[in-house]
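Okay, here's what each chain looks like letter by letter:
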Amino acid sequence: MFDILRELIFTSGFVSLSGGNIIMWMISFVLLYLAIKKQYEPLLLLPIAFGILVVNLPLTFLMDPEHGLIWFFYHYGIELDIIPPLIFLGLGAMIDFGPLIANPKTLLLGAGAQAGLYVTFFAAVLFGFDLQEAGSIAIIGGADGPTTIYLTSKLAPHLLGATAVSAYAYMALVPIIQPPMMKLLTTDAERKIVMTKLRPVSKLQKICFPIVTAMTIMLVVPPAAPLISMLMLGNLFKESGVVERLTNAASNELMNVVTIFLGLSIGATMTAATFLSPKVLFIFFLGLFAFAISTGAGLLMAKFMNLFLKDKINPLIGAAGVSAVPMAARCVHKVGSEANRRNYLLMYAMGPNVAGVIGTVVAAAILLKNLG
Amino acid sequence: MMETDWSKVLEVFGSGIIGVFLVMFLLQILTQLSTRIIDFVENKNKDKTLVSVPQEAVAKEKA
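Remember, it's a predicted structure, so these values are computed and weren't measured experimentally.

Here's the deal with the nonpolar core
Turning to step 1, where the next piece is worked out: By size, the foremost hydrophobic cluster in this structure holds 140 residues, and its most contacted members are Ala138(A), Ile317(A), Ala328(A), Val332(A) and Val362(A).
Turning to step 2, where the next piece is worked out: Here this core takes 15 residues from helix H20 (residues 346-371) of chain A, the largest share from any one element.
Turning to step 3, where the next piece is worked out: Taken domain by domain, this core gets at least three of its residues from each of domain 1 (1-60) and domain 2 (73-371) of chain A.
Turning to step 4, where the next piece is worked out: When near neighbours in sequence (up to four residues on either side) are disregarded, Val362(A) contacts Ile217(A), Val221(A), Ala224(A), Val20(B), Val23(B) and Met24(B).

In structure tokens, the structure reads:
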């Protein structure tokens, strides 16, 4: 009886428990709290937090190569680049590119915001990260979770947990991070600018846009193909109006299923050994820096464009050039309506916001081309 | 610690910024072009419909 009890204790996880495991549990509990109580990106943070918890329970071997359950999700889903493009398929089926087609100039705002990403790349190298790691950290500034995961899994897989959590955390914190930057870089008069009405966009134009975009981007930057092809296919499903079942499947069932596997796999990469290092703190700091600089670069780009435009744009919409759809656009609308109650910027900001998604994919593809 | 290849850093930095702008600018031009062509075709079709409707009405009246 005593032997059985002793064996039970010595084969349990308790004997292999380390201080690092307990710290990771604490991190998991904080993320669970943020997801459940504060509802910060709960769809992703909840499975990530649970993934962290279970992978830091000793002797479970969930991430053991060739054996662990979550390792299979991670290997087939992320290492083989299946999940991020599938998330993009669902995203495409949900996005309306209408405001962007009505005002294609906003594509440049999506490009402007990516400048912050390259500034961060430079900063990360100065902090001592190698080029691949710096590229993975810089992409956080694009505020696009699937793109961050896609690029990091290719360039610096050991940083996957930190960059993914950082990207999703800052996306959830858009309403806190962006308004101070907006107010700092724009004058009251600029924030009050009322923009001219958007022109109507026909169904045919909406159908042609994903085809033209997919062809253009894949021809110019082929490494963008996995993400951009799925994004535009999803959008073509939606705009064609003839495959409602596929649109619903891509934007609901498929998206939900892959989100579970994505979150769990990302969380499971965050073991005490890989996550508890000073580097991770730097990644969170640089991620915040990247996001703030990208917001600023978008705002400055809008101000620069105003030097040449007859119909001025409200520079606030430049801040939506980071992805974070639709949180960044909502934030722009809120700050704009605080300056001028009659200003309704949401639709105008959706243009650069969806341009930001395309811009981040292009930026990631160029980084991959140069560093991969 | 590995020594940083600063020429590579500058290359990634420069080509990245310029590359993103060029791609997005190209996309802007093509989007504008395609929407204008579609607008032109759709307006032409609309005009045709407007012209053909009264003619049909006249023919009906004559009959």
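A word on the packing of helix H3 (residues 42-55) of chain A against helix H16 (residues 244-268) of chain A
Residues and elements named next belong to chain A.
Turning to step 1, where the next piece is worked out: In contact at an axis separation of 7 Å, H3 and H16 are set at 40° when each is read in the N-to-C sense. The angle between H3 and H16 places the two elements in the oblique class. Once H3 is placed against H16, the crossing between them reads as right-handed. Between H3 and H16, the contacting residues are Leu-43, Leu-44, Leu-46, Pro-47, Ile-48, Ala-49, Phe-50, Gly-51, Ile-52 and Val-55 on the first element and Thr-259, Ile-260, Gly-263, Leu-264, Ser-265, Ile-266, Gly-267 and Ala-268 on the second.
Turning to step 2, where the next piece is worked out: Residues of the contact of H3 with H16, tallied by class, amount to 13 nonpolar, five polar and no charged.

Quick look at the interface of chain B and chain A
Turning to step 1, where the next piece is worked out: Contacts between the two partners involve 26 residues from chain B and, on the opposite side, 33 residues from chain A.
Turning to step 2, where the next piece is worked out: Taken together, the residues that form the side of chain B that touches chain A break down as 14 nonpolar, nine polar and three charged.

A look at the confidence of the model for chain B
Turning to step 1, where the next piece is worked out: Chain-level statistics for chain B give a pLDDT mean of 85 and a share of 78% at 70 or above.
Turning to step 2, where the next piece is worked out: We note a pTM of 0.90 for the whole complex and an ipTM of 0.88 for its interfaces.

What to know about the domain arrangement of chain A
Residue and element names in this part refer to chain A.
Turning to step 1, where the next piece is worked out: For chain A, the assigned domains read domain 1 (1-60) and domain 2 (73-371).
Turning to step 2, where the next piece is worked out: Each of domain 1 and domain 2 has a C-alpha centre, and these two points are 32 Å apart.
Turning to step 3, where the next piece is worked out: Listed as interface residues are 19 residues of domain 1 and, on the opposing side, 19 residues of domain 2.
Turning to step 4, where the next piece is worked out: If you list the elements that add at least two residues to the side of domain 1 that touches domain 2, you get helix H2 (19-36) and H3.
Turning to step 5, where the next piece is worked out: Broken down by element, the side of domain 1 that touches domain 2 gets its largest block of residues, 11 residues, from H3.
Turning to step 6, where the next piece is worked out: A per-class count over the side of domain 1 that touches domain 2 returns 13 nonpolar, five polar and one charged.

What about the environment of Arg341(A)?
All names here are of chain A.
Turning to step 1, where the next piece is worked out: Examined against the element boundaries, Arg-341 turns out to sit in the loop between helix H19 (327-339) and H20.
Turning to step 2, where the next piece is worked out: By C-beta crowding, Arg-341 is classed as exposed, having 8 other C-beta atoms within 10 Å.
Turning to step 3, where the next piece is worked out: A C-alpha to C-alpha distance of 8.9 Å links Arg-341 and Lys-192, two positions 149 residues apart in sequence.

Definitions and limits used
Numbers given to residues run from 1 along each chain, matching the order in which its sequence is written. Written order decides the labels, with chains lettered from A and ligands numbered from 1. Per-residue local features are limited, in this predicted model, to residues with pLDDT of at least 70; the limit for side-chain atom pairs, both in listing and counting, is 80 or more; totals at the level of whole chains, interfaces and linings are taken over all residues. Residues enter a nonpolar core if they are buried, belong to Ala, Val, Leu, Ile, Met, Phe, Trp, Tyr or Cys, and are joined to the set through C-beta atoms within 7 Å. Partly exposed residues are those whose C-beta has more than 12 but fewer than 20 other C-beta atoms within 10 Å; with 20 or more the residue is buried, with 12 or fewer it is exposed, and the C-beta atoms are placed from the backbone. Secondary structure elements follow DSSP: runs of H or I of four or more residues count as helices, runs of E of two or more count as strands, with numbering from the N terminus. Note that the domain bounds reflect an automated or database-derived domain assignment. Two residues qualify as being in contact provided that their C-beta atoms, derived from the backbone, are within 7 Å of each other. The angle between two axes is taken between their N-to-C directions and runs from 0 to 180 degrees, where each axis is a line fitted to C-alpha atoms and a helix contributes only its stretch in contact. Convention used here: angles under 35 degrees read as roughly parallel, angles over 145 as roughly antiparallel, angles from 65 to 115 as roughly perpendicular, and any remaining angle as oblique. By definition, any crossing whose near helix is turned counterclockwise from its far helix by less than a right angle is left-handed, and any crossing with a clockwise turn is right-handed. Residue type decides the class: Asp, Glu, Lys and Arg count as charged, Ala, Val, Leu, Ile, Met, Phe, Trp, Tyr, Cys and Pro as nonpolar, and the leftover types, Gly among them, as polar. Per-residue confidence from the predictor is reported as pLDDT, which spans 0 to 100.

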